[in-house]
Amino acid sequence: MRIAIATDAWSPQVNGVVRTLQSVRAELERQGHEVLIVSPDLFYSMPCPTYPEIRLAFARTASVGKMLADFHPHAIHLATEGPVCLAARRWCLAHGFPFTTAYHTQFPDYISARTGIDPAWIWRYIAWFHWPAQAILASTPSIAATLNAHGLERTRHWGRGVDLSTFGTGVAPDPAIRALAADGPVQLYVGRVAVEKNIEAFLETSQPGVKVIVGDGPARAALQAKYPEAHFLGPRFGRELAAAYAAADVFVFPSKTDTFGLVMIEALASGVPVAAYPVTGPVDVLRTGVGVMDIDLNRAIAGALRLDRATCAAYGGGFTWEESARQFLEALVPFGIDQDLRNAA
């Protein structure tokens, strides 16, 4: 099958949306499917206000439509709600081609955290964007329920996976991070260092131990200056990231706005228990014995430190990209493969 995926999130961005799309594309191609990615790097772009790491592409409908038509896809998926996918959406609707969408990111909450804008205004746009989709892919039941509450009922489950060839209990812990354990349990955060990730709540906890932050983002400099006792290691990838997980005693996930939390299952697959708030994402991903959720993050950390690492690893290893790709494929809406899309360009 030829599958076209339009997205406003792509490398060199580093986030869960990009990692999900890259991992699913790799799995789809491994299975013999042909995948086209229509992404911001193919167009002139400008930095997103308040979030310069994200580029907003000047994607014309005709240009995006030609890319789609020339690929002659059997199915089209719009992964995000930005300019590239807006152009693809306009083209699909103008020519009568069905498409699916996905709700990856709690943009109403993110934008509210950064600008103070009422999330209800952003939800009007989200609902408008997704309304024509044949299916809206949601990573958890909680996200599906949120979409349903805003009148978007054609949801399909699309879970996430772990690269078990990279993350697992067989990885040697990073010796420099492990050496910090002399001062108490290593408490690890991995992800974007941005205001919407609520990292300051973690840095304000008083549970004995050492706080380690892996990742980068617009809030890093300010947080590093305010909390000099914490260890900010910058971004890590692949085996280096796996070694950081392996060196931790507990993984702390302070976000209250994530739709899933890919880093949680990577930590679990590495044998690291998770401490989190009882909010969307953790409530769907975590189970008794592998994580502790509490409105008091100190209590969550203390409880998670008592959990069995082998139980965590066994549970985390159950999340695979093969299963995620299967769910993605089942949600697609293929159209007549004999249609000549070039005539629609």
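Residues numbered from 1 in each chain as written. Predicted model: local features only at pLDDT ≥ 70, side-chain atom pairs only at ≥ 80, totals over all residues. Heavy atoms only, no water.

Participant: Go over the overall build of the protein chain with me, naming the residues and quoting the values.
Facilitator: A tally of regular secondary structure across the protein chain gives 15 helices and 14 strands. The C-alpha atoms of the protein chain give a radius of gyration of 20 Å, which matches the 20 Å a tight globule of 345 residues would have. Along the longest, intermediate and shortest principal axes, the C-alpha atoms of the protein chain span 65 × 40 × 35 Å. Considering only contacts within the protein chain whose residues lie at least 6 apart along the sequence, 66% involve residues at least 24 apart. When the accessible area of the protein chain is evaluated, it comes to approximately 14,200 Å², of which 55% is carbon and sulfur surface. (Helix = DSSP H or I, 4+ residues; strand = E, 2+ residues; numbered from the N terminus. Rg over C-alpha atoms; globule rule 2.2 N^0.38 Å. Contact = heavy atoms within 4.5 Å. Areas by Shrake-Rupley, 256 points an atom, 1.4 Å probe, with all protein chains shown as cover.)

Participant: I'd love a proper account of the nonpolar core, names of residues and values included.
Facilitator: Generally speaking, nonpolar side chains in soluble globular proteins are found buried as a group. In this structure, Tyr245, Phe251 and Phe328 are the most contacted members of the largest nonpolar core, which totals 59 residues. Ranked by residues supplied to this core, first place goes to helix 11 (residues 262-269) with seven residues. For phenylalanine 251, the residues in contact, after removing those within four places along its chain, are Leu188, Tyr189, Val190, Tyr245, Val263, Met264, Ala267, Val272, Pro273, Val274 and Ala275. (Core = buried A, V, L, I, M, F, W, Y, C linked by side-chain atoms within 4.5 Å. Buried < 20%, exposed > 50% of the residue type's maximum accessible area, 1.4 Å probe, protein only.)

Participant: Describe unusual backbone geometry, listing the residues and the values that go with them.
Facilitator: Following serine 11, the chain continues to proline 12 via a peptide bond in cis, the omega torsion being 15 degrees. Mapping proline 12 onto the fold places it in the loop between strand 1 (2-6) and helix 1 (16-30).

Participant: Explain the pairing of strand 1 to me, and be specific about the residues and the numbers.
Facilitator: Burial of strand 1 is extensive: four of the five residues sit out of reach of the surface. The pairing of strand 1 with strand 2 (residues 34-38) spans five bridges and is classified as parallel. Among the inter-strand pairings, alanine 6 is bridged to a residue of strand 2, identified as valine 38. With four bridges joining them, strand 1 and strand 5 (residues 75-78) adopt parallel strand pairing. The residue bridging alanine 4 from the neighbouring strand is isoleucine 76, located in strand 5. (Pairing = 2+ DSSP bridges.)

Participant: Can you explain the sheet that holds strand 10 (residues 210-214)? Please cite residues and give values.
Facilitator: One open sheet holds the six strands; their spatial order is 11-10-9-12-13-14, and the pairing between them is parallel. Each edge of the open sheet carries a strand with a single partner, namely strand 11 (231-234) and strand 14 (291-293). Across the sheet, the mean angle separating the axes of adjacent strands is 25 degrees when strand polarity is ignored. In this sheet, strand 14 lies alongside strand 13 (residues 274-276) in parallel orientation, the contact comprising three bridges. Its bridge partner lying in strand 14, alanine 276 is registered against methionine 293. In this fold helix 10 (residues 238-246) packs onto strand 9 (186-190), strand 10 and strand 12 (250-253), with an angle of close to 145 degrees to the strand it touches most, strand 9. (Axes fitted to C-alpha atoms, helices over the stretch in contact; angles between N-to-C directions.)

Participant: Mind laying out the sheet that holds strand 5, listing which residues take part and the relevant values?
Facilitator: Reading across the sheet, the six strands line up as 2-1-5-6-7-8 and stay open at both edges, with parallel pairing between neighbours. Here the strands that pair on one side only, and so sit at the sheet edges, are strand 2 and strand 8 (155-157). Neighbour to neighbour, the strand axes of the sheet diverge by 25 degrees on average, direction disregarded. Relative to strand 7 (residues 135-138), strand 6 (residues 100-102) runs parallel, the two sharing three bridges. Considered in strand 7, the bridge of threonine 101 is made with isoleucine 136. Docked against the sheet, helix 1 engages strand 1 and strand 2, running at close to 155 degrees with respect to strand 2.

Participant: How would you summarise helix 5 (residues 119-130) if you had to cite specific residues and measurements?
Facilitator: In a regular helix each residue adds 1.5 Å, so 12 residues correspond to 16 Å; helix 5 covers 16 Å between its end C-alpha atoms and thus fits that length. Every buried residue belonging to helix 5 is among Ile122, Trp123, Ile126, Ala127, Phe129 and His130, and all of these are buried. Considered in projection along helix 5, the buried side chains sweep an arc of 160 degrees and stay on one side of the axis. Facing away from the buried side of helix 5 by over 90 degrees, the exposed positions are Trp121 and Arg124. Between the side-chain oxygen of the N-cap and the backbone nitrogen of alanine 120 there are 3.0 Å, and the N-cap of helix 5 in question is aspartate 118. (Expected span 1.5 Å × (residues − 1). Arc of directions from axis to C-beta. Polar contact = N/O pair within 3.5 Å; in protein donor to acceptor, adjacent residues only side chain to side chain.)

Participant: Summarise the environment of alanine 179; cite the residues concerned and give the values.
Facilitator: Tracing the backbone shows alanine 179 in helix 7 (residues 175-179). Among the residues examined, alanine 179 registers a relative accessible area of 52% and is labelled exposed.

Participant: Tell me about the pattern of salt bridges, and please be specific about residues and values.
Facilitator: In this structure the tally under the stated criterion is 12 salt bridges. One salt bridge connects glutamate 27 with arginine 30, and the closest N-O pair in it is separated by 2.6 Å. With a gap of three residues between them, glutamate 27 and arginine 30 both fall in helix 1, about one helical turn apart. The salt bridge involving lysine 197 is made with aspartate 258; its shortest N-O contact spans 3.1 Å. Here aspartate 258 lies in the loop between strand 12 and helix 11 and lysine 197 lies in the loop between strand 9 and helix 8 (199-203), a separation of 61 residues in the sequence. A single burial state applies to lysine 197 and to aspartate 258, both of which are buried. A cluster of three or more residues bridged by salt bridges with shared partners is formed by Asp294, Asp296 and Arg299. (Salt bridge = Lys/Arg side-chain N within 4 Å of Asp/Glu carboxyl O.)

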